[in-house]
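# Fold and geometry: a report
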Amino acid sequence: PSRLISSLHLARKRPSTPHRTRKMSATMSTAAVSARAVVRGGARTPVRGAQMPVAANRRVTSRGARVVVRAEAGAAAEAATAETPAEKEGETYEYQAEVNRLLDLIVNSLYSNRDVFLRELVSNASDALDKLRFLSVSNPGMMDTQGDMKIQIRGDPVAKTLTIEDTGIGMTREDLVSSLGTIARSGTAKFMDMLQSKSEGENLIGKFGVGFYSAFLVADKITVTTKNNDDDSVWTWESEIDQSSYQIIKGGDEGAPLKRGTRITLHLKDGAEEFAEDTKLTELVKTYSEFISFPIEIFSKKSVSKQVEDVDATATEIEAFNKRKIAAEATATLFDEDEPKPVMKTTYDDVSEFTVTNNDKPIWVRNPKDVEKEQYDEFFKSTFKEFLEPLAYNHFAVEGDIEFRSILYVPGMAPFEQQDMMSRSKAIKLYVRRVFISDEFDDSLLPRYLTFVRGVVDSNDLPLNVSREILQESRVVRVMRKRLIRKTLDMLKEISKRDNDDYATFWDAFGRNLKLGVIEDTANRDALAPLLRFQTSATDKGAHRGLEEYVADMKEGQKSIYYVAADTREAAENSPFLEQLTKKGLEVLFLIDPIDEVAMTNLAQFGEKTLVDISKEDLDLGEEDSEEKAAAAEIEEEYKVLTDWMATTLGSKVAKVTVSKRLTNTPVVLVTSKFGWSANMERIMKAQAMGDSRASEYMKGKKTMEINPTSPVILDLKAKQLANDPECAATAELLFDTALLTSGFNIDQPAEFAAKIFSLMDKAVGASASAKPKKEKKEK
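Residues numbered from 1 in each chain as written. Predicted model: local features only at pLDDT ≥ 70, side-chain atom pairs only at ≥ 80, totals over all residues. Heavy atoms only, no water.

## Structural notes on the packing of aromatic side chains
How two aromatic rings sit relative to each other is set out by the distance from centre to centre and by the angle between their planes. Counted according to the given criterion, the structure contains 23 aromatic pairs. Aromatic pair Phe-291 and Trp-364: ring centres 4.7 Å apart, planes at 70°, arrangement edge-to-face. Of this pair, Phe-291 sits in the loop between helix 8 (278-288) and strand 13 (296-309) while Trp-364 sits in the loop between strand 14 (344-356) and helix 10 (373-384), and the two are 73 residues apart along the sequence. Each member of the pair, Phe-291 as well as Trp-364, carries the same accessibility label: buried. Seen in terms of ring centroids, Trp-364 and Tyr-431 are 4.7 Å apart; in terms of plane orientation they differ by 45°. Their pairing is tilted. Pair noted here: Trp-364 is in the loop between strand 14 and helix 10 and Tyr-431 is in strand 17 (residues 428-432), with a separation of 67 residues, a long-range link. On the accessibility criterion, Trp-364 (0% relative accessible area) is buried. (Phe/Tyr/Trp six-rings, centres within 6.5 Å; stacked < 30°, edge-to-face > 60°. Helix = DSSP H or I, 4+ residues; strand = E, 2+ residues; numbered from the N terminus. Buried < 20%, exposed > 50% of the residue type's maximum accessible area, 1.4 Å probe, protein only.)

## Details of the packing of helix 5 (residues 116-138) against helix 8
Where helix 5 contacts helix 8, the axes come no closer than 9 Å and their chain directions differ by 65°. Classed by the angle they form, the pair helix 5 and helix 8 counts as roughly perpendicular. You can see that helix 5 and helix 8 cross each other, and the crossing is right-handed. Together, Val-116, Leu-118 and Arg-119 of helix 5 and Leu-281, Leu-284, Val-285 and Tyr-288 of helix 8 make up the contact between the two elements. In terms of residue class, the contact of helix 5 with helix 8 is built from six nonpolar, no polar and one charged. (Axes fitted to C-alpha atoms, helices over the stretch in contact; angles between N-to-C directions. Parallel < 35°, antiparallel > 145°, perpendicular 65-115°, else oblique. Left-handed = near helix turned anticlockwise from the far one by under 90°. Contact = heavy atoms within 4.5 Å. Nonpolar A, V, L, I, M, F, W, Y, C, P; charged D, E, K, R; others polar.)

## Things to note about the nonpolar core
By size, the foremost hydrophobic cluster in this structure holds 75 residues, and its most contacted members are Leu-492, Phe-506, Leu-514, Tyr-562, Leu-589 and Ile-614. Tallying contributions element by element places helix 12 (residues 475-496) first for this core, with nine residues. With residues near it in sequence (within four places) discarded, Leu-514 still touches Leu-492, Tyr-503, Phe-506, Trp-507, Leu-528, Leu-531 and Leu-532. In this structure, Ile-153, Leu-176, Trp-364 and Val-456 belong to the second largest nonpolar core, which totals 63 residues. (Core = buried A, V, L, I, M, F, W, Y, C linked by side-chain atoms within 4.5 Å.)

## Considerations on the layout of surface pockets
There is about 1100 Å³ of room inside the second largest pocket. Along the wall of the second largest pocket there are 41 residues; nearest its centre are Glu-624, Ala-632, Ser-660, Lys-661 and Arg-662. Looking at the lining of the second largest pocket, the elements that each hand over two or more residues are helix 17 (579-584), helix 19 (626-638), helix 20 (640-650), strand 26 (656-659) and strand 28 (703-707). Among the elements that line the lining of the second largest pocket, the one with the most residues is helix 19, at seven residues. For the lining of the second largest pocket, the per-class residue count stands at eleven nonpolar, eleven polar and 19 charged. (1 Å grid on protein atoms, 1.4 Å probe; cavity = no way out; pocket = protein on both sides within 12 Å on 5 of 7 lines; lining within 4 Å. Points joined across faces, edges and corners; volume = space filled by probe spheres on them.)

## Here we look at the confidence of the model for the chain
Of all residues in the chain, 76% have pLDDT values of 70 or greater, and the mean over the chain is 79. Averaged pLDDT values over the elements of the chain bottom out at 33 in strand 2 (residues 35-40) and peak at 95 in strand 16 (residues 404-410). Note on residues 1-20: pLDDT under 50 across the span, and 43 contacts to partners over four residues away in sequence or across chains. Within the model, pLDDT remains below 50 along residues 25-88, and this stretch shows 116 contacts once partners closer than five positions in the same chain are excluded. (pLDDT = per-residue confidence, 0-100.)

## Description of the environment of Val-365
Within the fold, Val-365 resides in the loop between strand 14 and helix 10. Distance in space between the C-alpha atoms of Val-365 and Ser-406 is 8.4 Å, their sequence separation being 41 residues. If we ignore the near neighbours within four places in the chain, the residues touching Val-365 are Arg-405, Arg-434 and Asp-458.

## Focus: the pattern of salt bridges
Here the structure, examined in full by the defined rule, presents 33 salt bridges. A salt bridge links Arg-448 to Glu-520, with the shortest nitrogen-to-oxygen separation between them at 2.5 Å. With Arg-448 in the loop between strand 18 (435-438) and strand 19 (454-459) and Glu-520 in helix 13 (residues 502-520), this pair connects stretches of sequence that are 72 residues apart. Looking at Arg-448, the relative accessible area reads 37%, which means it is partly exposed. The partly exposed category is assigned to Glu-520, whose relative accessible area is 37%. One connected set of salt bridges, linked through shared partners, spans Arg-114, Asp-115, Glu-274 and Lys-280. (Salt bridge = Lys/Arg side-chain N within 4 Å of Asp/Glu carboxyl O.)

## Re the environment of Phe-216
Take Phe-216: it is sitting in the loop between helix 7 (187-198) and strand 9 (219-227). On the basis of relative accessibility, which here comes to 4%, the residue Phe-216 falls in the buried class. Between the C-alpha atoms of Phe-216 and Asp-104, which are 112 residues apart in sequence, the distance is 8.5 Å.

Set out below in structure tokens:
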């Protein structure tokens, strides 16, 4: 409304119009148009009135060469304005509207693609036929003048015109004035108001409002010829794009006389000639209006075969026949052959005629019991250009305050352009009352992690000129989105319970999508968790298990689900963090996909079981008895001097040094704090091209070194430290660098680490650190 009101201003001067020329009423049914400007001391202060309904009182007056548009609001607004003191002292001005500018604003703000003009006009024609069909139930005589109910479209490339004709209810002269002469007013909407006031009839009719004016996207002149059974005369309405007036003429146009219905003739703009071609018109009808319930006929060329005589071949046959006859007569031989018949051949002629373009009843409005699986599969392949059958489909209808029908499919394979699959979803085709609207959405109908789902949605509660903003703000769309997500997850759950490889096929193609859903869709996280699959320490390479299977096979008393993140399965299997868990027979999930760890961190819990990263500090492997607790406390006290010394020696490299409960063979390991990045996540985040270095430093987990008290290396270090061996510090540094590697971290100074290894190798072969190679003698 603010954009519309801001466009209102004094109109340009127009030449006087003929006798039957009327000014267009620029009354907007959706804008608050009752406003007065009070002038006081040279300033204008707007005083807003109430919003004006469609049936509000309108008045058009002419002041000189200006078009004055007045909108009378309710009595309450008038009374409130009358009581204002400034009203008595100042002057009151009416807003003026330049109608052609207002019309241009309406059309171009609602429609960004000019192809949709045909969709709007065909939908209006379908409305007129729906209205006739509804009224003919109580008055069958309305069908006497014209029995066929159809829509015909004909383009003329030579004359640059396009004609859309229907045999619907038609319009009277008064209908032309009230419906086409008032911008944003719909005869269909008035008809619906009448039905609702009588509380009868079904919601068969769409509300198209300004849809008629979308024709100005491609035409600079529109002629409407119409005939209604309630009016004995045929009337013609005509207007041009740059005029604020229209003409109504009694009588028809140059076309065939109308018995009943409406004929719209568009005089196409320069550059819009393609819309007079039958191929373009067929494409648009197939795209947007294929499932309109009335036949749509397009005047188009087609090749028709016919049989004609092949003169040359016939002459050859006759010549051969005559020769045989003459030869028989010369030898006095009996000749009883029949004369040869004309030889026929097939030729093709180009014939222009009206051909039905749209199909029968769409599959989604049919009862699911009446549709075979083969029909669902064929619809999936033809509509979404797939060549494999879908893994599953769900055909359902939602009724109540919000009504829509839908068919959803799970494809049998991932698309070849899967890397771009999430950029913008073209998987869901949105229809409004069988009229195609769009298949380009961000995440209005389905979240981006479900962009692999294919399907159609047909709503009765959305407007035809639906935009992305409407989708984002519409309550109807929010309800539809919830239902679509729930139905999709129900399909995936059904696939996961099959006793075949269907879910393994699905997981290989779309497993990452569900992991992304765990991260982004908090509302459905619990529903997504049972659908996740992982390799584990208990599965063969390449095999996957779900969390429900893991929990079912957990050890008695086990409270947590354990996992470890690594680049590959081999790296996970050889991780030092697994040593104690493997010894106790505890199963560990292997997170080898970069998205896995983020998904598990967001999931945090599955049922009553907590998800635990075994590379983090304070690992709990189950309840300990009193003897085990006493032994652990004794070992910690025994190694307290060594751990304190190592913490002091390593300084800021570690937060602390403790005795480990997770190691059996490896001397040392580095674990991170519970709420920081693990080594695997730190490595992944470093590889991000647009990563934030400040956030990285903040999120890096503080490292804790855990030592294995049973390792010979640690026992030797403990003895040397008690003996104040000067090599102890170098050993501690080398243990730290080695722990970085085995724990999955990167070494910041690889050259220093290599020097330590070389020095250790020198000692192993008995070389003296101070020995130097002899210098070669210089030649004189």
